[in-house]
Structures are given as C-alpha cells and as structure tokens.
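Listed below, chain by chain, are the residues.
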Amino acid sequence: MSLQYTGPSTFYTELAEVPLPVSAHFISGDIARVTYSVRDHDRNIKRNLTKTFDDQCTTSHDSSEVKAFATSPSKSRQAILREANSKRFVEIWAGSQLEASLDVSNYHQAFLTDDFLYSLSFSPNETSLIYTAEASVDTDDDPYNKFRYAPHFGDTSRAKKRPTIFLFRWTRSPAFTRASKQDISLLALTPGVLFAQATFATEDTIFATGREYTKDGRLLGAKGCFNRPMAIWQLTLPKGSLASPSTSRLTPIERSCRSPRVLFHDNQPVKLFWFSNPIGGPHASCVSLESRDLLTGTNTVLVHTVFEPTPSNDFPGLYTEYNMPTSPFLRRADRVYIVLQSIWHSRTTVVFIDTQSGAITDTTKLGDGPLYSWTVHATDNKSQFICSRSTPTTPWEVLLASFDQYDTLEWKVLDKPLLSSAVKEALNDLTPSIIPITARAPTESLLIQSKKASTSGHKPVCVTIPHGGPHTTSTTAFVPGVVALALEGYTINLPNYTGSMGFGQTHIQKLLGHCGSMDVEDVAESVRELVRRGVSEEGRQVVMGGSHGGFIAAHLIGQHPTLFNAASLRNPVISVGELASGTDIPDWVYAEFGVSSDSDSYTSPPSNSNSLASPSSNSNSLTSDALTPPTQLMTPQTYNTLFAASPIAHVDNITAPVLIFIGEDDLRVIPGQGIGFYHAIKGRASGIATGTGNAIGDANANATGSGETRTGRDKTKGIVEMLSFPGESHAIEGVEAARVSWEATRDWFKVFAEGG
C-alpha cells in the first residue's frame, strides 16, 4: 500500500482552530483590546477576531479589510489602515466619529504590515500619522520601469521591494465634523533610503529603521534574520514645507539595528531604545539592547551580549522576537522598565529591563508549576501589561498583569480557550518535561508523553522533531500540530541542539562550520538519552523536520540508517552548494557552514570596528562598501566542502521511507532541493522504476528484476512520496496545506513507524 488517507483528525482540527493571541492594545484607561488569529477549516481561511476587555468581554469578528490598527498617545483616537474592493483607505477615528479619511489607492500600492517593515504612529499632537506602504512605479513615461528588476525582501515578501514612509496629516474641524479633503495631505518621505519601522518623537522628528542594499544590489531575505545591513536613523521634517526630510544615521555601520522605541517623560522624548545584533555571521544571535540619550546624543549598550551564563547569574542573554512591543514601557515606583519576553533555555519568560541600569529581572521564573512560555503583547506605558502564556499541553490564555498599591505584581486571567470535554481529557493525559542531554551539555530536549505510556511491553513510538533555523528554539509554547501527534499516541522529542537560542552566544557560534555533524549528533544523542531513560526504545523511532530541521532529519536517516523507521520532511535543505545560488539568504550558506571567514563574505564587518563608534559624517548612503563586498562566488573547493556537509552525500545509505512536502513558492529553500532528494531516493530502489507514483508499490516492484523478494531494511529502500503545495512558501502554513501535511505525516507514520 502507498500513502492512504485515513480521514480527518478531530484532535488536530479543534486544536488548530484555537484562537491565537497575536497583538493587544490599551484603547483607554483599563480597557484592553486583544486580536486573535483563527484558522477556519470550513472556509479554508485565516481570519481575525478581537475581544475588548473592560468590565465584561465583548467579541467582534473583524473582516479582512483592516490591515493595521493603532491607538493615539491620549487613547482618544484610533488609526485604521483598510483595504476593501481593491481600494486602500487611511482612517482616523475619534471614538465613534470618523475624523479623517482618505482613499490612498492612487498614491501607493499595498500597506506593509509585517514585522520588519511595519509602521503606524501618531504624532504627539495627534494631527499626523506615519505608515509604511509599497511605493508605486511610474510607467507612464518609461515603459521599461514596469519590467525593470528590483530586488525584494525574500520569502513571503516577493512583492515588497520599495518600502516607503508616508506622512498623513489632517486639520481637525472645529465643528467636530469629518475633515474635508482640502484639510488632508499625504506625503511620501523618500530621502533615498529604504525606511520602515518609523515612530514619531516630536511633531517634526521621526526615528526609523533604514535598510541597505548589498554592494552587488541585493536585499537579503529579511524573515527570521537579525543580521541584515540596517540602522536607526533620525528624520527631521522641515517646518512649514513639503520638502523631503533631512536624515542622520545614529548607529554604527557594523551593527544591524531595528525596532526603535521612544521613551517620553512629561510628554517630552528623553530616550530612544532599539535592538542590535552584529551584521553577518549567524542569522540570529544574542540581542543587545541599546539606547540613545536624546538630550546629549550619547549612545549606550544597556544589555550586552552574554557569551556564557555563570552559576551566579544564569541569564543567557536576550533572545527576543524581531521587535519590541509597540508600547514596551512600564513605570514602577520611580523606575521605568522595558518589558519583553526572551528565550531562556527551552522556554520564553517575561523580563523587566531597568532603563537606567540595564538590570534584568526574570518575572516569570520556572518553579514547580506548569512549564509556561510567555508572550508580551503591550503595556499601557504606566503600570499594566498584557501577556499570553501556554504550555506544550495547554493552549494560550490571555492575562493582565498590574502592580498594586504595595508594588506587588498581580496576574488576572482575561481569557481562556474553550475546548471540548474529549480534548480536555486527552490533554490531561499528556505530561511535558525538559530533559537534559547529559552527554552533550547544555543541550536539552522538550519531551511530551502520555501518562499511560506502557511500563511493560513496547513503548510508544517516539517522534523526534529538530527545529529549523538552526538558530531558533523549540520552546514550551503550545503548538497544535505537535500536541495533536502526541494525542495520536506518540511520544514527542523536541531537541534543542547546539546552535539553539537561549543558552548563550557561545552555544550559537559553536555550531558555525559544523552543520551536518554537531547538530546531527546532538539530535541522535537525544534519541539515545530517551532510550537510556526508558522513555522510548530502539526500533520504534521516526523523525520529522522542516527547513534546517529537515536538513538534520535527512542527515539522520543517511548517517544513522537504522535509527529511524520513517521520516517526514518539509522544504528540507538537501544540497547546500546548490542552495547558495537560489535562496533569498545566500549568506546563510557561507556563514553557517564555515566557508566565509575571509573578506569575501556578504556582510562581514570591518575588523577594527567599534560597536559604539559614532557614525562617520559620510555614512548617510544607501550602501556600505565596507560591509558588503562583492558576492562570494561558488568555487569547486567550496562546493565540495558544502556537498560533504549535505544530506545528499549520504543518500545511498537511506533505507527509511521518506515523505517530502514542497511549498512551490518557497524562496528560502527552493523547491528543487526537496524535488531532487525525491528523485535521488526513488532512483536508488533496486530494479527498473515503474514510475506509477505509488510509493510502496513501485518500491516493491523494483525488487531485483529476478523475482526475488527484498527483506529487512532493503525492503523499504527507495520508498518515497512527495506532496507539492501551489502558492505555499517556506512554512507551508496555509490552512488546508498545514492540515493536509499533518494528516499525511500521521498516515505515513501509521504505516512505517513500527518498521512495517
């Protein structure tokens, strides 16, 4: 038999449709609004709903028209970016009154609302608004402009090429009526830099992130990458003029800086804060928090890179989301703090950072209670903030945190998901834990297992799932697809191998140049550790992973061909040398595999750089030649090094049946990687290929051509199946695509998990 559909999973469907909190705002006083993302399998769409919490909870189901929403500093106004019927509108609401509205469809293309380009900020006087949108291309006088090549921001961002800050201004009507069109203006701020993430400080001062091209004209892929050439800039608007603003770069050229946030005192801007990472090297690393005194112009590193935690201070450094919350500040007594979530080993925790000293307080330390991972959504810039939390077996719930009159932090649960009694009972049977991999410290695994797991007889089949990246982390947050597999009766092993975030910068850098060996052996050792502990047993192991996790999984079935009975791979990296010429992050190949130690790397900083040096007077240029030398070319020697570190080098050893998922629009790991692996495995089955598409039937028909029956591992050699998803990018996260890939993995493991 081949891959056969066994029907929908009620566990997966219900858990995948649990609303996921994605953002929050304090819209006035103690009133909070939380936005959730919801998967709708019946309509095959993702939609949003919002809940407003005051004395009671009010739910509204938003249409897809609202692309972004922001509340003004006084909480009296709201800005909405709306797209409807191919039209785009900017709206300003004062309570229930539409104060200003403009159809901006002819001014620019789509609003840009992703993490790395989004802007939506009121001026202090609440008469101006800035936002980011894709600039239009003028083709009236030059038809070549329609087809002229422009680099884009990579996977999921093919249409994002010309991010532009737009300044929207309106004059309030004294009669409290809607502003007339002549009282509204819209200006594109185009001073020659790709600006985004803009925020007002004063009526004429804006801080923004400026992105840079490489010397050879690239925009390196942005998603998941903290090491791109970009800086914090100050834009000064000319008073009483519509001319372009003057610009000044505030951060040094060797640092990748993003997410500017302004701290106000008595309505005056006093400090600017931002995240900073080195340019080049690993795509994600320990984050520095930096600041600028807006009165003196002095830059300071508030939270430094931590290379190794110590016994007296086990803080591993900051490992944050791409951005700070839009409103990250919390006032407590006479101190001001920045509130963030940060990865700390295998979980995320809430940390308070003193804006004066940089002192770190872990507010949600792991005790003897649930293994919560936390997300910080917003503060009221006073004494309250909104978080969400979950465990591997408990879906997200939303909480309000506040300080009482005695300066004690209190937590109030605002919202919990509604689950069926059957799912509640099933989840109560699962136990999560964190297991140290003692032979390869400080690596550890997140384990999810049934309380009813057999103590005699066979152990449940163990599914090992290495994360992608490689510089990400499997945390204790709730992941519907993972827990749904556990509810199918599997033990789940989520190893945080060398290179994972949350263990110190040394742990990240240690992997560079050792991908395909160190990470692979860490994961293999995690399997052995669970066997030694009696959690699982040899011969009852399967593996799955996506991206770099798929790279590790593919290596494991090649380097350790008897360890796993089956594999499921999503957009896996298979042949690294070939990937370099097609991926949106070619620098990843050279940095992660240790072949970019010379000056030919994509983004190597100058050797004599000082991370806090004042930018030179001539640094206001679009590119920095010192940081972006010519693109490294693939040489035969480099290709051979990368081939040896690739899973394709071990394809002849693979005997486990392999299921592959391809996103046809993937710009990160191009589809040819998985497709080539499919044909390489299929071509190594014995005999003459029949090409029927029936994975198991073809493999059995390809026995030896002499009527012989294959036995043991040879029986499953060459069994491979592939599903290809049109319109899906690297993550394959569309509603239908995610469900089908989960169901296919379940059905694949049903057939092969026990060595069948």
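Note that the structure is predicted; figures quoted are calculated from it, not measured.

About the thresholds
- Residues numbered from 1 in each chain as written.
- Predicted model: local features only at pLDDT ≥ 70, side-chain atom pairs only at ≥ 80, totals over all residues.
- Heavy atoms only, no water.
- Core = buried A, V, L, I, M, F, W, Y, C linked by side-chain atoms within 4.5 Å.
- Buried < 20%, exposed > 50% of the residue type's maximum accessible area, 1.4 Å probe, protein only.
- Helix = DSSP H or I, 4+ residues; strand = E, 2+ residues; numbered from the N terminus.
- Contact = heavy atoms within 4.5 Å.
- pLDDT = per-residue confidence, 0-100.
- Pairing = 2+ DSSP bridges.
- Axes fitted to C-alpha atoms, helices over the stretch in contact; angles between N-to-C directions.
- Expected span 1.5 Å × (residues − 1).
- Salt bridge = Lys/Arg side-chain N within 4 Å of Asp/Glu carboxyl O.
- Polar contact = N/O pair within 3.5 Å; in protein donor to acceptor, adjacent residues only side chain to side chain.
- Parallel < 35°, antiparallel > 145°, perpendicular 65-115°, else oblique.
- Nonpolar A, V, L, I, M, F, W, Y, C, P; charged D, E, K, R; others polar.
- Phe/Tyr/Trp six-rings, centres within 6.5 Å; stacked < 30°, edge-to-face > 60°.

Novice: How would you explain the nonpolar core if you had to name every residue and give the values?
Specialist: In this structure, L556, I557, V589, F593, V658 and F677 are the most contacted members of the largest nonpolar core, which totals 46 residues. Elements supplying a minimum of two residues to this core: α5 (518-532), α6 (548-559), β34 (567-570), α7 (576-579), α8 (586-592), β35 (658-663) and α10 (672-682). Ranked by residues supplied to this core, first place goes to α6 with six residues. V658 has contacts with I557, A567, L569, I681, I719, V720, E721 and W748, leaving out every residue within four places of it along the chain. Ranked by size, the runner-up nonpolar core spans 42 residues in total, among them V463, L487, F725 and W742.

Novice: With reference to specific residues and values, describe the confidence of the model for the chain.
Specialist: When the pLDDT values of the chain are averaged, the result is 90; 91% of them are 70 or greater. Note that pLDDT drops below 50 for residues 597-601; the model gives that stretch nine contacts with residues more than four away or on any other chain.

Novice: Could you give me a rundown of the sheet that holds strand β32 (residues 491-496), with the residues and numbers involved?
Specialist: The strands that make up a sheet pair up through hydrogen bonds in the backbone, lying either parallel or antiparallel. Pairing is mixed in the open sheet, where eight strands are placed in the order β29-β30-β32-β31-β33-β34-β35-β36. Edge positions in the open sheet fall to β29 (430-436) and β36 (720-725), since each of these has one partner strand only. With direction set aside, neighbouring strand axes in the sheet form an average angle of 15 degrees. Where helix α3 (residues 480-487) meets the sheet, it contacts β29, β30 (444-450), β32 and β33 (541-546), and its direction lies at approximately 140 degrees from that of β32. Where α5 meets the sheet, its contacts fall on β29, β30, β31 (462-464), β32 and β33, and the angle it forms with β32 comes to roughly 135 degrees.

Novice: Tell me about unusual backbone geometry, and please be specific about residues and values.
Specialist: P442 follows A441 through a cis peptide bond whose omega is 5 degrees. In this model, G469 is joined to P470 through a cis peptide bond whose omega is 10 degrees. You can see P470 is positioned in the loop between β31 and α3. One non-glycine residue, N85, lies in positive phi territory at about 50 degrees. Position of N85 relative to the elements: it lies in the loop between β6 (77-84) and β7 (87-94).

Novice: So, helix α12 (residues 735-752): which residues are in play, and what are the values?
Specialist: Every α-helix carries 3.6 residues per turn, so stepping three or four residues along brings you back to the same face. Between its terminal C-alpha atoms α12 stretches 26 Å, which fits the 26 Å expected from 18 residues at 1.5 Å a residue. Counting buried positions over the 18 residues of α12 gives 13, a clear majority of the element.

Novice: Provide a residue-level description of the pattern of salt bridges, including the pertinent values.
Specialist: Counted under the stated rule, the structure contains 29 salt bridges. Two residues, D204 and K239, come together in a salt bridge whose shortest N-O distance is 2.5 Å. With D204 in the loop between β13 (194-202) and β14 (205-211) and K239 in the loop between β15 (230-236) and β16 (246-249), this residue pair connects regions lying 35 residues apart in the sequence. For K239, a relative accessible area of 71% corresponds to the exposed category. Salt-bridge contacts for R218 lead to D216; the nearest nitrogen and oxygen are separated by 2.9 Å. Residue R218 is classed as partly exposed on the basis of its relative accessible area of 32%. One continuous salt-bridge network, built from bridges that share partners, spans E521, E525, R528, E529, R532 and R533.

Novice: Let's hear about the side chain of R258: which residues, and what values?
Specialist: By the secondary structure assignment, R258 is in strand β17 (residues 255-265). Only 2.9 Å separates the side chain of R258 from the side chain of N277, close enough to count as a polar contact.

Novice: Talk me through the sheet that holds strand β23 (residues 347-354); I want residue IDs and the actual numbers.
Specialist: Reading across the sheet, the four strands line up as β21-β22-β23-β24 and stay open at both edges, with antiparallel pairing between neighbours. With partners counted over all chains shown, the strands left at the sheet margins are β21 (329-332) and β24 (360-362), one partner each. Adjacent strand axes in the sheet meet at a mean angle of 40 degrees, parallel and antiparallel pairs treated alike. Summarising the sheet, β21 and strand β22 (residues 335-344) pair through four bridges and their orientation is antiparallel. Counted as the bridge partner of R331 is V336 from β22.

Novice: How would you explain the pairing of strand β8 (residues 97-103) if you had to name every residue and give the values?
Specialist: For β8, the tally of buried residues reaches five of seven residues, placing the bulk of the element in the interior. Connecting the antiparallel pair β7 and β8 is a turn made up of two residues, with G95 showing a positive phi of about 65 degrees.

Novice: Hey, could you go over the environment of T491 for me, with residue numbers and the actual values?
Specialist: Position of T491 relative to the elements: it lies in strand β32. According to the relative accessible area criterion, T491 is buried, its value standing at 2%. Here the alpha-carbon distance between T491 and T464, two residues 27 residues apart in the chain, equals 8.5 Å. Contacts of T491, omitting those with residues within four sequence positions, involve L447, I448, Q449, P460, V461, C462, V463 and V535.

Novice: Report on the packing of α5 against α6, specifying residues and quantitative values.
Specialist: The contact between α5 and α6 brings their axes to 9 Å, and the two run at 70 degrees. With respect to each other, α5 and α6 are oriented roughly perpendicular. Side by side, α5 and α6 meet where D519, V520, E521, V523 and A524 of the first sit next to H548, F551, I552, H555, L556 and Q559 of the second. Class assignment for the residues of the contact of α5 with α6 results in six nonpolar, three polar and two charged.

Novice: How would you summarise the packing of aromatic side chains if you had to cite specific residues and measurements?
Specialist: The geometry of an aromatic ring pair is captured by the separation of the ring centres together with the interplanar angle, meaning the angle of the planes. All chains considered together, the criterion is met by 23 aromatic pairs. Taking the centre distance of 5.7 Å and the plane angle of 80 degrees together, the rings of F551 and F593 count as edge-to-face. One end of the pair, F551, is in helix α6; the other, F593, is in the loop between α8 and α9 (636-644), and 42 residues separate them in sequence. For the residue pair F551 and F593, the accessibility class agrees, reading buried in each case. For the pair F661 and F725, a centre-to-centre distance of 6.3 Å together with 45 degrees between the ring planes defines the contact as tilted. Here F725 lies in strand β36 and F661 lies in strand β35, a separation of 64 residues in the sequence. Across the pair, exposure class does not vary: F661 and F725 are buried alike. An aromatic cluster is defined as three or more aromatic residues linked by ring pairs; in this entry it consists of Y337, F352, Y372, W374, F385, F403 and W411.

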